[in-house]
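# Understanding the architecture of this molecule
Now for the letters of each chain:
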Amino acid sequence: MAKIAVIGLGYVGITTAVGMGRLGHDVIGYDISSDRVMVLSEAKAPIHEDGLEEALGSLKQSGKVSFTHTYQEVSDFKADYFFICVPTPQDASGAANLTFVLAAAKELSQIAPADAIVVLKSTVPVGSGERVKQALSRSDLHVASNPEFLREGSALHDFMKPDRIIVGAASEQVSTRVLELYGDISSRKIATSVESAELIKYSTNAYLAMRLSFVNDLAALCEKVGASVDDLVDGLGSDSRIGPSFLSPGPGWGGSCFPKDTRALVSVASDFGLDLPLIDAALESNEASLSRVVENIKELAGGSLEGKVIGVWGLAFKANTDDIRESPAMNIVARLLARGSEVIAFDPVALAPKASGFSQVQNAELAAAGVDVLAVLTEWPEFAQVDPIKVSESMKSKAVMDARRVLPVDAWRSAVDNFRVLGG
Ligand code: UGA
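Here the structure is a predicted model, which is why all the values come from computation and not from measurement.

### Here's the deal with the site of the ligand
With respect to spatial proximity, 19 residues lie near the ligand, and among them Leu150, Glu152, Lys201, Asn205 and Ser248 are the closest. At 2.7 Å from an oxygen atom of the ligand is found a main-chain nitrogen or oxygen belonging to leucine 150. Glutamate 152 is positioned with one of its backbone polar atoms (N or O) 2.7 Å from an oxygen atom of the ligand. In isolation the ligand has 710 Å² of accessible area, and contact with the protein removes 91% of it. Elements represented by at least two residues in the shell around the ligand include exactly helix H9 (194-225) and helix H11 (258-271).

Have a look at this one:
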């Protein structure tokens, strides 16, 4: 079994540490935040992720995974592999900022034993592997790229059952060493160059984002021509060349990855003098999707948002996570506030910062009481269980916009005066 150090304990790092521990490796996880390390050391999950707390608890008992906030302890651990999982935020131009990645590489250059492999898990633009190699500036260390394809909310499942495992390295010997860490996982394992691995990650997210923009545009067309978007998606997804997954229309795509990664891909291409018009169009279409939801709410509010009270169900960027980064729901709420509305919101787990300019209440019913329009912006399944008649009785105007297609249409249509569902 290998000794693995994981640098950076966000979604990707925590999942990597836990996943590698479950595969039987000895793992140390490092994070600059001593608070985060303390929480993890007590086997508590600092993020909302299915099964994480149980997994942390059993790994704590077996002693397979430990956490630290000092590089000294990472050094003492004498790992053979160092997985860099620190954030790569977007800078003003849309490019990925490598400051944290390169700072981690500099630290590792001081402590990594000879022949260790530094593995890039953070999503980084093509060419970053080379920059990490330079930052390490040690010929006895290797660099590999092992992009992650984890979805928030099902990250542990995705780690243990991935569609494929990609490892990019300069030599087959190095890629084989990294691929062997995943020995017990039967998924297809693909060895590539570092550059190809880096590009596969961005292309995957950009393709998925384009696919969602495509379906969101067609959902708008369905509304106009009276077609059923459910039938459309069913028919479309039944073509084996297209496939049924990742085709649910929504208010727009968001989260910490799609917006950042699509912009970063466009930015990398432009560094090489290349346009990527399809990806540009996906970003533009996403903007239009968000605006369409706001327009729908405005129409339901009688043609103006000024002074109206809008109830919002859902703030997270998708269900089963507490993450609001680049959340379509938060984006729409900000637009409503900018146009003079008051917003009362409920989310089962996500919390908006206090200074967001709207109130957050304890349950779905409270977020509907006295409102002019109720908008469903995250697809939490429990929203479908709320009694539409009870909700409608407490609303000021009985108008509802379901931008996630989560509410039972017939029950809601008969309970309120005006019910709109995205895609018709
Ligand atoms: C995404 C990718 O799915 C992961 O494979 C990748 O590892 C991750 O980014 C990353 O780069 O780290 P995630 O951001 O967790 O994962 O979210 P998704 O489940 O992909 O959803 C992204 C957005 O698309 C959300 O706003 C979601 O509501 C929306 N979406 C997704 C739809 O509107 N319809 C769908 O059918 C699926």
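Once you've had a look at it, read on.
### Observations regarding the packing of aromatic side chains
This structure, assessed with the given rule, holds 8 aromatic pairs. Aromatic side chains tryptophan 412 and phenylalanine 419 sit 6.5 Å apart centroid to centroid with 25 degrees between the ring planes, which places their arrangement in the stacked category. Phenylalanine 419 matches tryptophan 412 in its accessibility class, with the two residues each being buried. An aromatic cluster is present here, built from Trp313, Phe346, Phe383, Trp412 and Phe419 joined pairwise through their rings. The residue whose ring lies beneath lysine 3 is phenylalanine 77, and the NZ or CZ to ring-centre distance is 4.5 Å.

### Remarks on unusual backbone geometry
A positive phi angle, close to 60 degrees, is found at alanine 43, a residue other than glycine. Take alanine 43: it is sitting in the loop between helix H2 (34-41) and helix H3 (52-62). What makes alanine 43 buried here is its relative accessible area of 13%. A positive phi is found at asparagine 320, a non-glycine position, where the angle reads about 65 degrees. Tracing the sequence through the fold places asparagine 320 in the loop between strand E9 (309-313) and helix H13 (328-338).

### A few points about the sheet that holds strand E2 (residues 26-30)
An order of E3-E2-E1-E4-E5-E6-E7-E8 is seen for the 8 strands of this open sheet, with the pairing classed as mixed. The open sheet has two free edges, formed respectively by strand E3 (65-68) and strand E8 (188-192), since each of these has just one partner strand. Looking at each pair of strands side by side, their axes are set apart by 25 degrees on average, direction ignored. Packed onto the sheet, H9 meets strand E5 (117-120), strand E6 (142-145), strand E7 (164-169) and E8 and runs at close to 140 degrees relative to E7.

### Here we look at the pairing of strand E4 (residues 81-84)
A regular strand places its side chains on the two faces of the sheet in alternate fashion. Both faces of E4 are covered, namely the face carrying Tyr81 and Phe83 and the face carrying Phe82 and Ile84. In terms of strand pairing, strand E1 (residues 3-7) meets E4 through 4 bridges, oriented parallel. Residue pairing in the sheet places valine 6 in a bridge with phenylalanine 83 of E4. Regarding topology, helix H5 (residues 99-111) serves as the crossover connection from E4 to the parallel E5, and that connection is right-handed.

### Let's talk about the pattern of salt bridges
Enumeration over the complete set of coordinates arrives at 19 salt bridges. For arginine 420, the salt bridge identified is with glutamate 299, shortest N-O distance 2.8 Å. Of the two residues, arginine 420 sits in strand E14 (residues 418-421) while glutamate 299 sits in helix H12 (residues 277-300), which places them 121 residues apart along the sequence. On the basis of relative accessibility, which here comes to 25%, the residue arginine 420 falls in the partly exposed class. Look at glutamate 299 and you get partly exposed, because its relative accessible area is 47%. Linking arginine 404 and glutamate 379 is a salt bridge whose minimum nitrogen-to-oxygen distance equals 3.4 Å.

### Comments concerning H11
An ideal rise of 1.5 Å per residue puts 20 Å on 14 residues; H11 measures up with 20 Å between its terminal C-alpha atoms. Taken across its 14 residues, H11 has 11 buried, putting it largely inside the fold. Along its buried surface, H11 packs onto H9 and H12. Count one or two residues on from H11 and you reach glycine 273, which has phi positive near 75 degrees.

### Here we look at the environment of proline 251
Note that proline 251 resides in the loop between helix H10 (229-237) and H11. Take proline 251: its relative accessible area is 0%, and that puts it in the buried class. For proline 251, the contacting residues outside a window of four places in its chain are Ser289, Leu290, Val293, Pro328, Ile332, Leu377, Ala403, Arg404 and Leu422.

### Describing the sheet that holds E14
With parallel pairing, the 6 strands of this open sheet are ordered in space as E11-E10-E9-E12-E13-E14. On the outer flanks of this sheet lie strand E11 (359-360) and E14, each paired with one strand and no other. Those strands touched by H12 are E9, strand E12 (373-376), strand E13 (399-402) and E14, and its axis lies near 170 degrees from that of E13.

### Considering the nonpolar core
Counting residues in hydrophobic clusters, the biggest one holds 58 residues, and the most contacted among them are Ile297, Trp313, Leu315, Leu374, Leu377, Leu407 and Trp412. In contact with leucine 377, not counting residues within four places along its chain, are Pro251, Val293, Val312, Trp313, Gly314, Ala329, Ile332, Val333, Ala403 and Arg404. Counting residues in each nonpolar core, the second largest holds 39 residues, with Ala17, Val65, Ile117 and Ile165 among its members.

### Section: the side chain of aspartate 261
Counting through the fold element by element, aspartate 261 comes out in helix H11. Assessed through its relative accessible area of 0%, aspartate 261 is described here as buried. Aspartate 261 has contacts with Thr123, Lys201, Tyr202 and Asn205, leaving out every residue within four places of it along the chain.

Parameters and conventions
- Residues numbered from 1 in each chain as written.
- Predicted model: local features only at pLDDT ≥ 70, side-chain atom pairs only at ≥ 80, totals over all residues.
- Heavy atoms only, no water.
- Near = heavy atom within 4 Å.
- Polar contact = N/O pair within 3.5 Å; in protein donor to acceptor, adjacent residues only side chain to side chain.
- Areas by Shrake-Rupley, 256 points an atom, 1.4 Å probe, with all protein chains shown as cover.
- Helix = DSSP H or I, 4+ residues; strand = E, 2+ residues; numbered from the N terminus.
- Phe/Tyr/Trp six-rings, centres within 6.5 Å; stacked < 30°, edge-to-face > 60°.
- Buried < 20%, exposed > 50% of the residue type's maximum accessible area, 1.4 Å probe, protein only.
- Lys NZ or Arg CZ within 6 Å of the ring centre and 35° of its normal.
- Pairing = 2+ DSSP bridges.
- Axes fitted to C-alpha atoms, helices over the stretch in contact; angles between N-to-C directions.
- Contact = heavy atoms within 4.5 Å.
- Right-handed = clockwise from strand over helix to strand, strands pointing away.
- Salt bridge = Lys/Arg side-chain N within 4 Å of Asp/Glu carboxyl O.
- Expected span 1.5 Å × (residues − 1).
- Core = buried A, V, L, I, M, F, W, Y, C linked by side-chain atoms within 4.5 Å.

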